[in-house]
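Chain and residue survey
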Amino acid sequence: MKSIQIAIDGPASSGKSTVAKIIAKAFDYTYLDTGAMYRAVTYLALRHQLTQDDTAEILSLLEEHPIAFGRNKEGEQLVFVGDVDITHAIREHQVTNNVSWVSALAPIREKLVDLQRKIAVQGGIVMDGRDIGTVVLPEAELKVFLVASVEERALRRFRENQEKGIPTDLERLKEEIALRDYKDSTRAVSPLKAADDAITFDTTGVSIEGVVEFISEKAKEILDKQSN
Ligand code: DC
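Residues numbered from 1 in each chain as written. Predicted model: local features only at pLDDT ≥ 70, side-chain atom pairs only at ≥ 80, totals over all residues. Heavy atoms only, no water.

Selection criterion: UniProt positions are given in the numbering used here, feature names are shortened, and annotations may be inferred rather than shown by experiment.
Under an unreviewed UniProt entry, the name given to the chain is Cytidylate kinase, and the organism recorded is Streptococcus zhangguiae. What the UniProt record of the chain gives under Sequence similarities (unreviewed entry) is the line "Belongs to the cytidylate kinase family. Type 1 subfamily." UniProt, in its Subcellular location (unreviewed entry) section for the chain, records the words "Cytoplasm".

Spelled out as structure tokens, the structure:
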């Protein structure tokens, strides 16, 4: 059966990665978390005390320490720069609060988009991010734009943190999510927005299973049409 490209975009903590991973597994497709790539570059920039005025240096760091993905014994995705495992480091506060300036740098985006497209040509893919449907894979057969209220997204992240034993202030989380939404949507290059041909789905009050089912059904419809 022919495979398709599934682009899942949306704001911070809209559940994109969780559902994208499940769908990729169910369809036996590659999963690519593009947010992890912007986070990896942010990690490198911070490690080397670089700022938005050091784009050339950040790019050469990326050449020296290429981003790579792997898997642990449990099948969970690992993220590396060079041979350093940064899976957990890229989720830390400092990276989260600096990723917006890094992802607003056009030369960095160009480099990462190029890598993302190269990964996508290998076959069926589920890619999640902010500009997948608009810029990275404009020809994707299925584009979904997931949204949810700031309150719901903050609460989801709050619960996740609680499970991991990370102390978190819910109100602060709401402010940070709203600020990241604002920065991601108003930046000059590839701002967060739904592609004209994307299906927007509001996940407020919808379970992960509900979102997975919705997207899987759409994907199956497309695959069925293609095989007829
Ligand atoms: O999905 P995430 O929260 O891990 O993404 C981290 C940041 O990376 C997000 O605030 C904006 C940026 N990003 C982007 O600009 N383009 C993408 N395709 C993916 C993420």
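Having seen the model, we can carry on.
Side note on the site of the ligand
So the rule is basically this: In this text, near means that some heavy atom of the residue lies within 4 Å of the molecule or strand in question. Within 3.5 Å is the distance limit for a polar contact, defined as a pair of N or O atoms, with the added protein rule that one can donate a hydrogen and the other accept it, and that residues adjacent in sequence qualify only through two side-chain atoms. Accessible areas in this description were obtained via Shrake-Rupley with a 1.4 Å probe; residue shielding takes into account the shown protein chains only. Segments assigned H or I by DSSP are reported as helices when at least four residues long, segments assigned E as strands when at least two residues long, and all are numbered from the N terminus. Each residue is assigned to one of three groups, with Ala, Val, Leu, Ile, Met, Phe, Trp, Tyr, Cys and Pro labelled nonpolar, Asp, Glu, Lys and Arg labelled charged, and all others, Gly among them, labelled polar.
Arg 39, Arg 109, Asp 131, Arg 180 and Arg 187 are the nearest of the 16 residues found near the ligand. Between Arg 39 and the ligand, the recorded distance is 2.7 Å, taken from a side-chain N or O atom to an oxygen atom. The side chain of Arg 187 places a nitrogen or oxygen atom 2.8 Å from an oxygen atom of the ligand. Look at the ligand: alone it shows 450 Å² of surface, and the protein chains cover 97% of it. Among the secondary structure elements, those contributing two or more residues to the shell around the ligand are α2 (34-47), α5 (99-103) and α9 (170-186). Here the element with the most residues in the shell around the ligand is α2; it accounts for 4 residues. Considering only residue class, the shell around the ligand consists of 3 nonpolar, 4 polar and 9 charged.

Structural notes on the side chain of Thr 96
Definition in use: Note on exposure labels: buried denotes an accessible area under 20% of the residue type's maximum, exposed denotes more than 50%, and partly exposed covers the range between, all computed with a 1.4 Å probe on protein chains only. By definition in these notes, contact holds between two residues if any of their heavy atoms fall within 4.5 Å.
For Thr 96, the position within the fold is in helix α4 (residues 93-96). A residue is classified by how much of its surface remains accessible, and Thr 96, at 16% relative accessible area, is buried. A polar atom in the side chain of Thr 96 sits 3.0 Å from the side chain of Arg 39. Once residues within four sequence positions are removed from consideration, Thr 96 is found in contact with Arg 39, Arg 91 and Arg 180.

So, the pairing of strand β7 (residues 142-147)
Just so we agree on the cut-off: Only strands that DSSP links by at least two bridges are regarded as paired with each other.
Burial of β7 is extensive: 5 of the 6 residues sit out of reach of the surface. Inspection of the sheet shows β7 paired to strand β8 (residues 199-202) by 4 bridges, in the parallel sense. Within β8, the position partnered with Val 147 by the bridge is Asp 202.

Describing the nonpolar core
Applied cut-off: Side-chain atoms within 4.5 Å are what join buried Ala, Val, Leu, Ile, Met, Phe, Trp, Tyr and Cys residues into a set we call a nonpolar core.
Core analysis: the largest hydrophobic core is formed by 35 residues, its most contacted members being Val 41, Ile 58, Ile 67, Leu 112, Met 127 and Leu 137. Elements represented by at least two residues in this core include exactly α2, α3 (55-64), β4 (77-81), α5, α6 (106-120), β6 (125-129) and α7 (132-136). Take this core: its biggest share by element is 9 residues, from α2. Judged by nonpolar contacts, the second largest core, of 21 residues, contains Phe 27, Tyr 29, Ile 215 and Ala 219.

Brief notes about unusual backbone geometry
Even without glycine at this site, Ser 13 takes up a positive phi of about 60°. The residue Asp 28 is not glycine, and still its phi comes out positive at about 60°. Looking at the secondary structure, you find Asp 28 in the loop between α1 (16-27) and β2 (30-33). Judged by relative accessible area, which is 70%, Asp 28 ranks as exposed.

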